[in-house]
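Take a look at the letters that make up each chain.
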Amino acid sequence: MSDKYPIEITDEMRQAMDSARRQGLQKDLRTLAANIRAGAEGRYASAEPGWQAGVEWTLLWIENTASQLTEGRP
């Protein structure tokens, strides 16, 4: 903080920064899930048993995590 231009960070500013960070993480997780889904398409038929279930579980976990980032928050 500069002595010439002091600034007080309010609770509202902190909440806005936290919300923006959470929304950014949520977007990144959903992009990751979309990339995994696109990479896995068409590979299920030739994959080892259990591979498809593992991919689907991972996608569900990513989506649940992304949803929890903004759940119940302003």
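In short, a report on the structure. (Residues numbered from 1 in each chain as written. Predicted model: local features only at pLDDT ≥ 70, side-chain atom pairs only at ≥ 80, totals over all residues. Heavy atoms only, no water.)

A closer look at helix α2 (residues 51-70)
In a regular helix each residue adds 1.5 Å, so 20 residues correspond to 28 Å; α2 covers 30 Å between its end C-alpha atoms and thus fits that length. For α2, the set of buried residues is V55, L59, I62, A66 and L69. Seen from one end, α2 has its buried residues packed into an arc of 85 degrees, which puts them on one side. Exposed side chains of α2 directed beyond 90 degrees from the buried face belong to W57, L60 and Q68. The secondary structure elements touched by the buried residues of α2 are α1 (11-40). Following α2 by one or two positions, G72 adopts a phi angle in the positive range, close to 70 degrees. (Helix = DSSP H or I, 4+ residues; strand = E, 2+ residues; numbered from the N terminus. Expected span 1.5 Å × (residues − 1). Buried < 20%, exposed > 50% of the residue type's maximum accessible area, 1.4 Å probe, protein only. Arc of directions from axis to C-beta. Contact = heavy atoms within 4.5 Å.)

Things to note about the packing of α1 against α2
Running from N to C, α1 and α2 point in directions that differ by 165 degrees, and their axes come no closer than 8 Å. Between α1 and α2, the interaxial angle falls into the category roughly antiparallel. In this structure, α1 meets α2 at a crossing whose hand is left-handed. Of the residues in α2, those touching α1 at R22, Q23, L25, Q26, L29, R30, L32, A33, I36, R37 and A40 are W51, V55, L59, I62, E63, T65, A66, S67, L69 and T70. (Axes fitted to C-alpha atoms, helices over the stretch in contact; angles between N-to-C directions. Parallel < 35°, antiparallel > 145°, perpendicular 65-115°, else oblique. Left-handed = near helix turned anticlockwise from the far one by under 90°.)

Some points on the pattern of salt bridges
Within the structure shown, the criterion is met by four salt bridges. Of the charged contacts in the structure, one is a salt bridge between D18 and R22, with a shortest N-O distance of 3.1 Å. Residue D18 and its partner R22 are located together in helix α1, separated by four residues, close to a single helical turn. E63 is the salt-bridge partner of R30, the closest N and O atoms lying 2.7 Å from each other. Residue R30 is located in helix α1, and its partner E63 is located in helix α2; the two are separated by 33 residues in the primary sequence. By relative accessible area, which is 34% here, R30 ends up partly exposed. One salt-bridge network, held together by shared partners, links D18, R21 and R22. (Salt bridge = Lys/Arg side-chain N within 4 Å of Asp/Glu carboxyl O.)

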